[in-house]
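Chain by chain, the residues:
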Protein chains: 2
Amino acid sequence: MIKKKSDDATIFIGDKPFMNYVTAAMLQFNSGNKEIFMKARGKHISRAVDVTEVLRNRFMNDVKVNNIEIGSEDVKSREGREMKVSTIKISLTK
Amino acid sequence: MIKKKSDDATIFIGDKPFMNYVTAAMLQFNSGNKEIFMKARGKHISRAVDVTEVLRNRFMNDVKVNNIEIGSEDVKSREGREMKVSTIKISLTK
C-alpha cells in the first residue's frame, strides 16, 4: 500500500464545527489516501464516532471502519496534577 | 466457550455514577462470564471508553478489548422527528 501524505491522514476531532471534520476526511480520501485516522480524546470521543458515521452514511458509502483502538494518555491538569484521559483511534479505509 | 447469563453480560452506559458501571463489569466477570459488552449511545460513548479504561488499567489488568463496533440507530426526538444517534459496542474478554 502506497501512503501519500501520511502525516495529513490523521484528523484530530475537537471543538471546530462538525462538518469541518467530515469535509477534512473527504478531502483526505479524494487526494488519494486509502486509509485515514480519526483521533480524539476525552469527551470528543463521541464526536469522532459521530463524524465517522455521518461520513460513511451520508457522504462516502464505500468507506469502511477498518479498526478501532482505545487507550489512555497521561495529561497534566491546570493545577499540574497528572491525570488519565481516554483516547480513540478509528482507522477508515476506502 | 460456555456463556452463562448472556443476557446480563451487556452493560448499558448512561448517567449513573461512574463507578456503578465499573463494578457492574467486575461482577459480570467474577460471576463467570468470559466476555462482556459495554454499550452506549450518543454522548455516553466517551463514557463507555472511560469505564473500559478504568476497569482494565486500575481494577482488572487481565481484561482485554476484544472488538469494538460503531454504528447508528434511528431514534425519535421529543418533537417526533426521526434522528440518527451513534452507537458503540465494546467487547471485553478475560
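Residues numbered from 1 in each chain as written. Chains lettered and ligands numbered in written order. Predicted model: local features only at pLDDT ≥ 70, side-chain atom pairs only at ≥ 80, totals over all residues.

Observations concerning the sheet that holds strand S2 (residues 35–41) of chain B
Paired through their backbone hydrogen bonds, the strands of a sheet run either parallel or antiparallel.
Residue and element names in this part refer to chain B.
In step 1: Reading across the sheet, the four strands line up as S1-S2-S4-S3 and stay open at both edges, with mixed pairing between neighbours. The open sheet is flanked by strand S1 (10–12) and strand S3 (64–76), the only strands paired with a single partner. Between one strand axis and the next, the sheet turns through 20° on average, direction left out of account.
In step 2: When S1 meets S2, the two strands line up parallel, connected through three bridges. Of the residues in S2, the one forming a bridge with Thr-10 is Phe-37. (Pairing = 2+ DSSP bridges. Helix = DSSP H or I, 4+ residues; strand = E, 2+ residues; numbered from the N terminus. Axes fitted to C-alpha atoms, helices over the stretch in contact; angles between N-to-C directions.)

With respect to the interface of chain B and chain A
In step 1: Listed as interface residues are 15 residues of chain B and, on the opposing side, 15 residues of chain A.
In step 2: Mapped by element, the contributors of at least two residues to the side of chain B that touches chain A are helix H2 (44–59), S3 and strand S4 (82–93) of chain B.
In step 3: The biggest single contributor to the side of chain B that touches chain A is H2(B), with seven residues.
In step 4: Looking at the side of chain B that touches chain A residue by residue, the classes come out as six nonpolar, six polar and three charged. (Contact = placed C-beta atoms within 7 Å. Nonpolar A, V, L, I, M, F, W, Y, C, P; charged D, E, K, R; others polar.)

Regarding the packing of helix H1 (residues 18–30) of chain B against H2(B)
All names here are of chain B.
In step 1: Where H1 contacts H2, the axes come no closer than 9 Å and their chain directions differ by 60°. Between H1 and H2, the interaxial angle falls into the category oblique. When the axes of H1 and H2 are compared, the crossing they make is right-handed. Contact with H1, carried on its side by Phe-18, Tyr-21, Val-22, Ala-25 and Met-26, involves Val-51, Val-54, Leu-55 and Phe-59 of H2 and no other residues of that element.
In step 2: Tallied by class, residues from the contact of H1 with H2 come to nine nonpolar, no polar and no charged. (Parallel < 35°, antiparallel > 145°, perpendicular 65-115°, else oblique. Left-handed = near helix turned anticlockwise from the far one by under 90°.)

A word on the sheet that holds strand S1 (residues 10–12) of chain A
Residues and elements named next belong to chain A.
In step 1: The four strands lie next to each other as S1-S2-S4-S3, forming an open sheet whose pairing is mixed. Strands at the two margins of the open sheet, each flanked by one partner only, are S1 and strand S3 (64–76). Put simply, the sheet's adjacent strands are angled 20° from each other on average, direction ignored.
In step 2: Relative to strand S4 (residues 82–93), strand S2 (residues 35–41) runs antiparallel, the two sharing seven bridges. By the bridge assignment for S4, Ile-36 is matched with Leu-92.

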